[in-house]
Amino acid sequence: MTECTLCAGNARPESALPPRERVRVTEHWRVIAHRSALPGWMLVFPRRHVESLADLTEGEAAELGAVLRAGTRALVDAVGADRSYVMQFSEGIRHLHFSLVPRMADLPADRRGAKIGAYNAQDTPLGEEERDRIALSLRSRWP
Ligand SMILES: [Zn+2]
């Protein structure tokens, strides 16, 4: 089995992770600032290796809604998002992960809906320092 990068991070103590890798760590989920050009794009994934929504435990499934709600509130407060997008494909990395993405009021028409992926596919991602700064802001506003 090839090494899972999300599991590798999950295996480290939270205190050993840089801010961008620990926006929020709950009982079952970890939230990180994604390597994206769009400030506030987060990845939400279980703290154990799971490849399908069908394989979540009752506890993981029950906590997921609360994490997505809280993350959206943090996006509204930290980056001024109007609302959020939530997507789940888990193609590049098989470990189940959700993109929790700020939907800004001024999002260009050619980036709306699934086309928002262009921020990752076409643009230069934010640097680690900027992702750390945004992660700390999101963390401080997490309800
Ligand atoms: Zn994994």
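- The chain has the name HIT domain-containing protein in an unreviewed UniProt entry, where Occultella aeris is given as its organism.

**Focus: the layout of surface pockets**
Stage number 1. Size it by volume and the largest pocket reaches roughly 330 Å³.
Stage number 2. As for the largest pocket, its lining consists of 22 residues, and the residues nearest its centre are H34, L43, I93, H97 and S99.
Stage number 3. Contributing elements (two or more residues each) for the lining of the largest pocket: α1 (5–10), β2 (29–33), β4 (83–88) and β5 (98–103).
Stage number 4. Its residues assigned to classes, the lining of the largest pocket shows 10 nonpolar, 9 polar and 3 charged.

**Some points on the coordination of the zinc ion**
Stage number 1. Taken together, C4 (SG), C7 (SG), H49 (ND1) and H95 (ND1) make up the protein donors of the zinc ion, found 2.0 to 2.3 Å from the metal.
Stage number 2. Note that the zinc ion binds 4 donor atoms; their angles at the metal cover 101 to 116°, and the shape is tetrahedral.
Stage number 3. Taken in chain order, the donor set of the zinc ion reads C-x2-C-x41-H-x45-H. One end of the pair, C7, is in helix α1; the other, H95, is in the loop between β4 and β5, and 88 residues separate them in sequence.
Stage number 4. We classify C7 as partly exposed; its relative accessible area is 24%.
Stage number 5. Under the relative-accessibility criterion, H95 is labelled buried at 0%.

Conventions and cut-offs
Residues numbered from 1 in each chain as written. Predicted model: local features only at pLDDT ≥ 70, side-chain atom pairs only at ≥ 80, totals over all residues. Heavy atoms only, no water. 1 Å grid on protein atoms, 1.4 Å probe; cavity = no way out; pocket = protein on both sides within 12 Å on 5 of 7 lines; lining within 4 Å. Points joined across faces, edges and corners; volume = space filled by probe spheres on them. Helix = DSSP H or I, 4+ residues; strand = E, 2+ residues; numbered from the N terminus. Nonpolar A, V, L, I, M, F, W, Y, C, P; charged D, E, K, R; others polar. Donors = N, O, S within 2.8 Å, 3.2 Å for Na, K, Ca; no water. Tetrahedral: all angles 85-135°; square planar, octahedral: opposite > 155°, others 65-115°. Buried < 20%, exposed > 50% of the residue type's maximum accessible area, 1.4 Å probe, protein only.

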